[in-house]
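Summary of the model geometry
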4 protein chains.
Amino acid sequence: MDMTNNRLKTIVERLERMEEEKQAIVDDIKEIMKEAKGEGFEPKILKKVLALRKMPHDERERLELLVATYMAAL
Amino acid sequence: MDMTNNRLKTIVERLERMEEEKQAIVDDIKEIMKEAKGEGFEPKILKKVLALRKMPHDERERLELLVATYMAAL
Amino acid sequence: MDMTNNRLKTIVERLERMEEEKQAIVDDIKEIMKEAKGEGFEPKILKKVLALRKMPHDERERLELLVATYMAAL
Amino acid sequence: MDMTNNRLKTIVERLERMEEEKQAIVDDIKEIMKEAKGEGFEPKILKKVLALRKMPHDERERLELLVATYMAAL
DNA sequence: TCAGATAAAATCGCGC
DNA sequence: GCGCGATTTTATCTGA
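A few points on the structure. (Residues numbered from 1 in each chain as written. Chains lettered and ligands numbered in written order. Predicted model: local features only at pLDDT ≥ 70, side-chain atom pairs only at ≥ 80, totals over all residues. Heavy atoms only, no water.)

1. Some details on the interface of chain C and chain B
At the interface, 19 residues of chain C touch 19 residues of chain B. Counting each side, the surface lost to burial between chain C and chain B is near 1600 Å², with a carbon and sulfur contribution of 76%. Considering only the side of chain C, the residues that lose the most area to chain B are Ile45, Tyr70 and Met71 of chain C, jointly responsible for 34% of the buried surface there. Summed over the shared surface of chain C and chain B, the number is two salt bridges. (Contact = heavy atoms within 4.5 Å. Buried area = accessible area lost by both parts, 1.4 Å probe. Salt bridge = Lys/Arg side-chain N within 4 Å of Asp/Glu carboxyl O.)

2. Points about the pattern of salt bridges
Counted under the stated rule, the structure contains 20 salt bridges over all chains. A salt bridge links Arg60 of chain A to Glu64 of chain A; the shortest N-O distance between them is 3.6 Å. Placement of both Arg60 of chain A and Glu64 of chain A in helix H2 (residues 43-73) is noted, with a separation of four residues, approximately one turn of the helix. Assessed through its relative accessible area of 55%, Arg60 of chain A is described here as exposed. For Glu64 of chain A, a relative accessible area of 46% corresponds to the partly exposed category. Each member of the salt-bridge network shares a partner with another, and the members are Glu42 of chain B together with Glu59 and Arg62 of chain C. (Helix = DSSP H or I, 4+ residues; strand = E, 2+ residues; numbered from the N terminus. Buried < 20%, exposed > 50% of the residue type's maximum accessible area, 1.4 Å probe, protein only.)

3. A few points about the relation of the copies chain C and chain B
One copy of the chain maps onto the second through a rotation about an axis and a displacement along it. Its rotation angle being 179 degrees, the transformation that places chain C on chain B also includes 0.3 Å of axial translation and leaves an RMSD of 0.4 Å. Put plainly, the chains are arranged around a two-fold axis. Ranked by how close their C-alpha atoms come to the rotation axis, the residues of chain C are headed by Glu64 of chain C, at 6.4 Å. In this assembly, 100% of the residues forming the interface of chain C have copies in chain B that are likewise at the interface, indicating an isologous arrangement. (Least-squares fit on C-alpha atoms with pLDDT ≥ 70 in both.)

4. A short note on the protein's contact with DNA strand F
The full set of residues close to DNA strand F is Lys22 of chain A, Lys22 of chain B, Lys37 of chain C together with Lys30, Lys37, Lys47 and Leu65 of chain D. Of all atoms in DNA strand F that approach within 4 Å of the protein, 100% are sugar or phosphate atoms. One of the side-chain N or O atoms of Lys22 of chain A is found 2.5 Å from a phosphate oxygen in DNA strand F. Separating a phosphate oxygen of DNA strand F from a side-chain N or O atom of Lys30 of chain D is a distance of 2.4 Å. Looking at the surface near DNA strand F, the elements with two or more residues in it are helix H1 (3-38) and helix H2 (43-73) of chain D. In terms of residue class, the surface near DNA strand F is made up of one nonpolar, no polar and six charged. (Near = heavy atom within 4 Å. Polar contact = N/O pair within 3.5 Å; in protein donor to acceptor, adjacent residues only side chain to side chain. Nonpolar A, V, L, I, M, F, W, Y, C, P; charged D, E, K, R; others polar.)

Listed below in structure tokens is the structure:
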């Protein structure tokens, strides 16, 4: 058998497995959101909370980039 | 202690863990694409192949037929 | 007055005007798509048709051939 | 002649004209960036400046959304 | 040419 | 079911 075809098959199947895993996690997240909603927590607000908790990292990176940019601009 | 706050904390932390896992998989997929590219497989084509394999057969036919129809009408 | 600052101002304002024009066209395109949908044409297919007509003929053939090759190899 | 085909043709050609206009503007913006670069202004910085000048609007919207969200969450 | 950053487009999920 | 807003994915661009 052609080894190149074999290699392609291996790659595609690996990617497909990983896409499945990813999708499974996405589904789990949705499921948790749904449960939380059933307990009175709004998904919309939960998402906002997650975003806010994640923000400090992003925000710090953004600030560092801006500082570097303007240092370079001078 | 307020059980509702505790419950909320549990939910948020679970979601954050899952988001991390998801991100790890996304990074892995990128890594594999990169490797595949190094072996001569075009990521762009690989993505198209994955999309085609994922799509229901009849849906794919429907799209192709419609595109052909529109093209012919022009 | 500092001529360099003046020049910078001119450049920035020109760019801002062009960004606005660009956005106006983007909005118009969306509007036409919406109208077309109302007449029974699927925006998704219309976009594919536009992409196909825009793509150089040989590039299109190259992509289709590669996809077919990969699919066949699996 | 089939009026539907005619209508489709009209729509597609309108869209193609608008895409051309859009592309022309995109090209103009690039051209100006290039000129500015020739005069010593870095495109990277210019883009940052444009983003900053545009931000107040976006930022205000973001804040208003946050306020509304948390009011709703209470 | 390539990786990393930016912007554009497509998709998804909510609310009406 | 449809439009709208948010998220995710794809394509483009710039600098190394």
